[in-house]
Amino acid sequence: MDSVQEEQPGEPLTQYVQRVIARVRAFDRRHPLLWDLHLTGFWLTAALIDYTGGGWRTVTRNPATPEWLVLILSLGFAVPLLWRRAHPRTVLLATTPLALTNAWTGATLQAALLQLLLVHHTALRRPLRTLLWAIPLLLTPVIVTAIRHPRGSADDDIVPQLLSLLLAAVLGIALRTRRDYTAALEDRARRLETERDQQARLATAAERARIAREMHDIIGHNLSVITGLADGGRYAAAKSPARAGQALDAIATTSRQALTELRRLLDVLRDEDPTSPEATRTPQPTLTDLDQLIDGVRRAGLPVHTVTHGTPPVLPPGRQLTVYRVVQEALTNTLKHAGPDATAEITLSYDEKGAVTVTVTDTGRGGSPPDATDTAGRGLPGMRERTALYGGTLEAGPRPHPDRGWRVRLHLPEELPQ
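An account of the accompanying structure is given in this report. Since the structure is predicted, the reported quantities are computational estimates derived from the model, not experimental observations.

Details of the overall build of the chain
Step number 1: A tally of helices and strands in the chain yields 12 helices and five strands.
Step number 2: For the chain, buried positions account for 36% of its 418 residues.
Step number 3: Taking as baseline every contact in the chain between residues at least 6 positions apart, the subset at least 24 positions apart corresponds to 70%.
Step number 4: Carbon and sulfur atoms make up 59% of the accessible area of the chain, which amounts to about 25100 Å² in all.

In structure tokens, the structure reads:
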């Protein structure tokens, strides 16, 4: 015999009982009044049968009890059950005089046991402190019966009734605890589902913003360079065909570079398997790509002078990308808005502890580029977003008088250890 046995599914009878219970509860939730009418009618019928058949005489301690009183007590214990769920405490208080009469006269009808249902529903639907007075209240008729109409010792009359009351209360508390626990689990599941959807929407929005920044940086810069090269080639075509050919070669190189970056970006976005080697490729440029970026801008017709202070430290890829994109955006805006005969200067300052300061100035018209004031633009807002990710500062605006042109200054502080 194998030491490990396969797990057997639930027994068919158990599954059937669970399905029946689930259907009964669902029916009760949809039609509570119909269910209450059936239950009340059942116990009312049982009480009337006990009355008309004379069955109450077999348990009564006073056979001389008037039959009209027996009928009133039988109806009084059964009919209020119709409101036991909505108003259990009220029904309990309403039936207490009947229970005292039942005990005082010695009728001791079995219909009095229906008060156990009231104790159960009180524990199930009302504050538990209600039981502190409900159980002693219901135990009072039992004590009256034991005193006025004793049958054996007092313990024989009181202890079984007390245990019955406690059992009805415990069952109500158990069902209430299970109901509250299930409701808490369902509420937690709903909140987790809502939180998951919110996190997904936030992640989607952040990813869209990141993609928009990358697409703007890639397409906007390269198209600006291509436009500058095309304009220069057009003017040089008539006087210097060789210069025009160089411009076309630069346009082709820049276009291929832009297409390569776009393909890499789209490959990462398209890859569905995060463990795939393709997904680990990064399309993001680094500080080593700055020279290639500046050369492309120079070919587009903008003279760029660079000054470097200090030795470039080993920076995380994200910080390198931020420096690269800020320089790229600043040069792109200079190409688009500075006008003819403008020049640009880039100053890179590296600190031994990892701080980086980049200043890009030009000698153009000095007006605000559209992205600086247009809320729909993504240039300067994108630079500020990147800078804020690393606790840096970004300043962009016209150069102070009497200098002309525009200045962009980025400062990334030292990266503190986590």
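A look at unusual backbone geometry
Step number 1: At Thr108, a position not held by glycine, the phi torsion is positive, near 45 degrees.
Step number 2: Relative to the helices and strands, Thr108 resides in the loop between helix H4 (88-105) and helix H5 (115-125).
Step number 3: By relative accessible area, Thr108 is classed as buried at 16%.

A look at the packing of aromatic side chains
Step number 1: According to the stated counting rule, one finds one aromatic pair in the structure shown.
Step number 2: Here the aromatic rings of Phe42 and Trp43 are separated by 5.1 Å at their centres, their planes lie at 75 degrees, and the arrangement is edge-to-face.
Step number 3: Overall, Phe42 belongs to the exposed group, its relative accessible area being 53%.
Step number 4: The lysine or arginine in question, Arg148, covers the ring of Trp104, its NZ or CZ lying 3.9 Å from the ring centre.

Some thoughts on the pattern of salt bridges
Step number 1: Inspection of the entire model under this criterion finds nine salt bridges.
Step number 2: Among the ionic pairs, Arg190 bridges to Asp187, the shortest N-O distance being 3.8 Å. Of the two residues, Arg190 and Asp187 are both situated in helix H7 (residues 154-239); the distance of three residues between them amounts to about one turn of the helix.
Step number 3: Classification of Asp187 by relative accessible area gives partly exposed; the value is 32%.
Step number 4: Glu193 serves as the salt-bridge partner of Arg196, at 3.9 Å between the closest nitrogen and oxygen. Pair noted here: Arg196 and Glu193 are both in helix H7, with a separation of three residues, about one helical turn.
Step number 5: For Arg196, a relative accessible area of 52% puts it in the exposed group.
Step number 6: Connected via shared salt-bridge partners are Asp187, Arg190 and Arg191.

Some remarks on the environment of Asn62
Step number 1: Along the polypeptide, Asn62 turns up in the loop between helix H2 (32-52) and helix H3 (67-78).
Step number 2: Look at Asn62 and you get partly exposed, because its relative accessible area is 24%.
Step number 3: Spatially, the C-alpha atoms of Asn62 and Trp104 are 10.0 Å apart, while their sequence positions differ by 42 residues.
Step number 4: Other than its neighbours up to four places away in sequence, Asn62 contacts Trp56, Thr105 and Gly106.

Concerning the pairing of strand S2 (residues 344-350)
Step number 1: Across the seven residues that make up S2, a large majority, five, are buried.
Step number 2: For strand S1 (residues 304-309) and S2, the ladder comprises six bridges, and the chain directions are parallel. The residue bridging Val307 from the neighbouring strand is Thr347, located in S2.
Step number 3: Regarding topology, helix H10 (residues 317-337) serves as the crossover connection from S1 to the parallel S2, and that connection is left-handed.
Step number 4: Of the pairings in the sheet, the one linking S2 to strand S3 (residues 356-362) comprises seven bridges and is antiparallel in character. Within S3, the position partnered with Ile346 by the bridge is Val360.
Step number 5: In textbook terms, the turn of a hairpin is the stretch between consecutive antiparallel strands, and for S2 and S3 this stretch comprises five residues, one of which, Gly354, has a positive phi near 110 degrees.

Here's the deal with the sheet that holds S2
Step number 1: Pairing in this open sheet of five strands is mixed, and the strands run S1-S2-S3-S5-S4 from one edge to the other. Every other strand in the sheet has two partners, leaving S1 and strand S4 (393-398) as the edge strands with one partner each. On average, each strand axis in the sheet is inclined to that of its neighbour by 10 degrees, with strand direction left out of account.
Step number 2: In the packing of helix H9 (residues 290-299) onto the sheet, the strands contacted are S1 and S2, and the crossing angle to S1 comes to about 160 degrees.
Step number 3: The sheet contacts of H10 involve S1, S2, S3, S4 and strand S5 (406-412), and relative to S5 the element is tilted by about 175 degrees.

Here's the deal with the nonpolar core
Side chains of a nonpolar character, in soluble globular proteins, are inclined to be buried together.
Step number 1: Ranked by internal contacts, the top residues of the largest apolar core, which has 32 residues, are Val304, Val327, Leu331, Ile346 and Val358.
Step number 2: Going through the elements one at a time, H9, H10, S2, S3, helix H12 (379-389) and S5 are the ones with two or more residues in this core.
Step number 3: Looking at this core element by element, the count peaks at six residues for H10.
Step number 4: Those residues in contact with Val358, other than ones at most four positions away along the chain, are Val323, Val327, Ile346, Thr347, Leu348, Val408, Arg409 and Leu410.
Step number 5: Among the nonpolar cores identified, the runner-up in size contains 28 residues, and Leu98, Leu109, Ile135 and Val142 belong to it.

Some thoughts on a nonpolar patch on the surface
Step number 1: On the surface, Leu13, Tyr16, Val17, Val20, Ile21, Val24 and Trp35 cluster together to form a nonpolar patch covering roughly 610 Å² of accessible area.
Step number 2: When residues of the nonpolar patch are assigned to their parent elements, the largest contribution, six residues, is made by helix H1 (residues 12-30).
Step number 3: Among the secondary structure elements, Tyr16 is positioned in helix H1.
Step number 4: On the accessibility criterion, Tyr16 (47% relative accessible area) is partly exposed.

The rules behind these values
Residues numbered from 1 in each chain as written. Predicted model: local features only at pLDDT ≥ 70, side-chain atom pairs only at ≥ 80, totals over all residues. Heavy atoms only, no water. Helix = DSSP H or I, 4+ residues; strand = E, 2+ residues; numbered from the N terminus. Buried < 20%, exposed > 50% of the residue type's maximum accessible area, 1.4 Å probe, protein only. Contact = heavy atoms within 4.5 Å. Areas by Shrake-Rupley, 256 points an atom, 1.4 Å probe, with all protein chains shown as cover. Phe/Tyr/Trp six-rings, centres within 6.5 Å; stacked < 30°, edge-to-face > 60°. Lys NZ or Arg CZ within 6 Å of the ring centre and 35° of its normal. Salt bridge = Lys/Arg side-chain N within 4 Å of Asp/Glu carboxyl O. Pairing = 2+ DSSP bridges. Right-handed = clockwise from strand over helix to strand, strands pointing away. Axes fitted to C-alpha atoms, helices over the stretch in contact; angles between N-to-C directions. Core = buried A, V, L, I, M, F, W, Y, C linked by side-chain atoms within 4.5 Å. Patch = residues over 30% accessible without salt bridge, like charges linked within 9 Å, V, L, I, M, F, W, Y side chains within 5 Å.

Bear in mind that shape data such as this cannot, by itself, settle questions of function.
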